[in-house]
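Structural characterization, general
The residues making up each chain are set out below.
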Amino acid sequence: MFQNDWERDAWLMGDVYLRDYQEAESEADKRRTASLAISNYILAICERIGPDALTSALGTSPPETDAEARLNCLADRLNIFAPPSMGEDRLSLEALARELRAMAKGDKPQITEPAPFHGLKAPNAIRIAHHKLRALQWDAFLKSRDNRPADRHNAIASAYGEDWTTIYRWKPQVAAALGDAKLDVGLDLASCTITRTNRVFPYETTAQAMSALEADGCAYRDERKRQFQVVENTDRRAG
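A short tour of the structure in this document, coming up. It should be emphasised that the depicted structure is a prediction, and the values quoted were computed from it without experimental measurement. (Residues numbered from 1 in each chain as written. Predicted model: local features only at pLDDT ≥ 70, side-chain atom pairs only at ≥ 80, totals over all residues. Heavy atoms only, no water.)

Quick notes on the overall build of the chain
Threshold: Numbering of helices and strands runs from the N terminus, with a helix taken as a DSSP run of H or I at least four residues long and a strand as a DSSP run of E at least two residues long. Residue burial is assigned from relative accessible area. The probe radius is 1.4 Å, only protein chains are included, and a residue is buried under 20% of its type maximum, exposed over 50%, and partly exposed in between. Contact between two residues is taken to exist if any of their heavy atoms lie within 4.5 Å; hydrogens are not considered. Here, Shrake-Rupley sampling with a 1.4 Å probe gives the accessible areas, and only protein chains in the shown set may cover a residue. For the purpose of charge, His is not counted, nor are the chain termini; Lys and Arg are scored as positive and Asp and Glu as negative. Taken as the charge centre is NZ of Lys, CZ of Arg, CG of Asp or CD of Glu, depending on the residue.
When helices and strands are tallied, the chain shows ten helices and zero strands. Each helix and strand of the chain, ordered N terminal to C terminal, gives the series α-α-α-α-α-α-α-α-α-α. In terms of overall dimensions, the chain has a C-alpha envelope of 70 × 55 × 40 Å along the principal axes. When each of the 239 residues of the chain is scored for burial, the buried share is 29%. Intrachain contacts of the chain at a sequence separation of at least 6 include 59% that bridge at least 24 residues. About 16,300 Å² of surface is accessible on the chain, with carbon and sulfur atoms providing 54% of the total. Charged side chains in the chain number 32 positive and 36 negative. The centres of these two groups are separated by 5 Å.

As C-alpha cells, this is what we get:
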C-alpha cells in the first residue's frame, strides 16, 4: 500500500521509465530513462518515510561559514543517496563524499576543481541565471493555471524584489548563461498540464505554492548578495 498519491505516482512513473529503459536502444536513451526511473523511485521513498524521518536523516544544516561542518554535512547527505560502491570510479557519489571529507580537513579539491571562469559579469552568474529561470517558470506555471497577468506578475515581482519590467527581460540573460535549450525546456515543463500534478511545481494548494514562491524569491535575493565581496573589517589604517 502507498502512503499517499505522491508516493504512488512517483513509484508508477519509476516503473514506466524502467520499462522504457529495458526497451531503449541507444546509450543516450538508456541513460535518460534509467536516470528518470531512479529519480522517481527516490521521490517515492522520500514520500514513504515522510518529512520528519527525512529531516532527521539529512540533519540540521550548519552555518555556511563553518567550512569543516559544511563539507562534512554535504558528505553525510551524499552518502544517504549514494548507490552501491562503483569500485574505483573517481566520479561516483561515494568518491565525491570522500573528497568533501578530505577538503573539510584542508585538502585541495581534485574532482571538484572548478572549470575556468566563464568571464560573465558576476562570479555567480550561472547560479543567478538559474534563479531567474525559476522566476520565468513561475510565470509560465501560473499562466497555465489561468492566473491573470497582473496577479501573477505582482506576486512574482513581490517575491523576487524586482519590478516585473525587469523580470520579463530576463529571458535573453538566462539563454546566454544556460543556453536556449535549458530555457525552452524549463518553460515547457513549468507550463505542462498533461499530468495531474506539475513536477516542477508540485503544490496541492494555493497557500503551498505562494509559500514556495516566497522561498524562491528569498533564495534569489540571497544569491544576489553573494556576488558582492563583503568588507568585514573597515577599521584599517592606511599605510
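Things to note about the packing of aromatic side chains
As a reminder of what qualifies: Ring pairs are drawn from Phe, Tyr and Trp, using the six-membered ring of Trp, whenever the two centres fall within 6.5 Å, and their geometry is named by plane angle: stacked under 30 degrees, edge-to-face over 60, tilted for the rest.
A complete count under the given rule lists nine aromatic pairs for this structure. An aromatic cluster is built from Trp138, Phe141, Phe201 and Tyr203, whose rings are joined through pairwise contacts.

A look at the environment of Ala37
Tracing the sequence through the fold places Ala37 in helix 2 (residues 27–58). A C-alpha to C-alpha distance of 28 Å links Ala37 and Asp139, two positions 102 residues apart in sequence.

Here's the deal with helix 4 (residues 93–104)
For the record, the criterion: Given the number of residues in a helix, its expected span is that number minus one, multiplied by 1.5 Å.
When the terminal C-alpha atoms of helix 4 are compared, their 16 Å separation across twelve residues agrees well with the 16 Å that a helix rising 1.5 Å per residue should span. Looking at the buried positions of helix 4, the neighbouring elements they touch are helix 3 (67–81). Gly106, located one to two residues past helix 4, shows a positive phi value of around 115 degrees.

Quick notes on the pattern of salt bridges
Close approach of charged atoms allows side chains with opposite charge to pair. Heads up, the rule is: Whenever a carboxyl oxygen of Asp or Glu lies within 4 Å of a side-chain nitrogen of Lys or Arg, that contact is scored as a salt bridge.
Applying the stated rule across the entire model yields 15 salt bridges. Here Glu64 ties to Arg226 by a salt bridge, and the two come within 3.7 Å at their closest N and O atoms. Of this pair, Glu64 sits in the loop between helix 2 and helix 3 while Arg226 sits in the segment after helix 10 (206–225), and the two are 162 residues apart along the sequence. Residue classification places Arg226 among the partly exposed positions, given a relative accessible area of 45%. With a shortest N-O distance of 2.9 Å, Asp151 and Arg148 are connected by a salt bridge. Overall, the relative accessible area of 37% leaves Asp151 in the partly exposed class. The structure contains a network of salt bridges with shared partners spanning Asp5, Arg8 and Asp9.

Worth remembering: the numbers are spatial, not functional.
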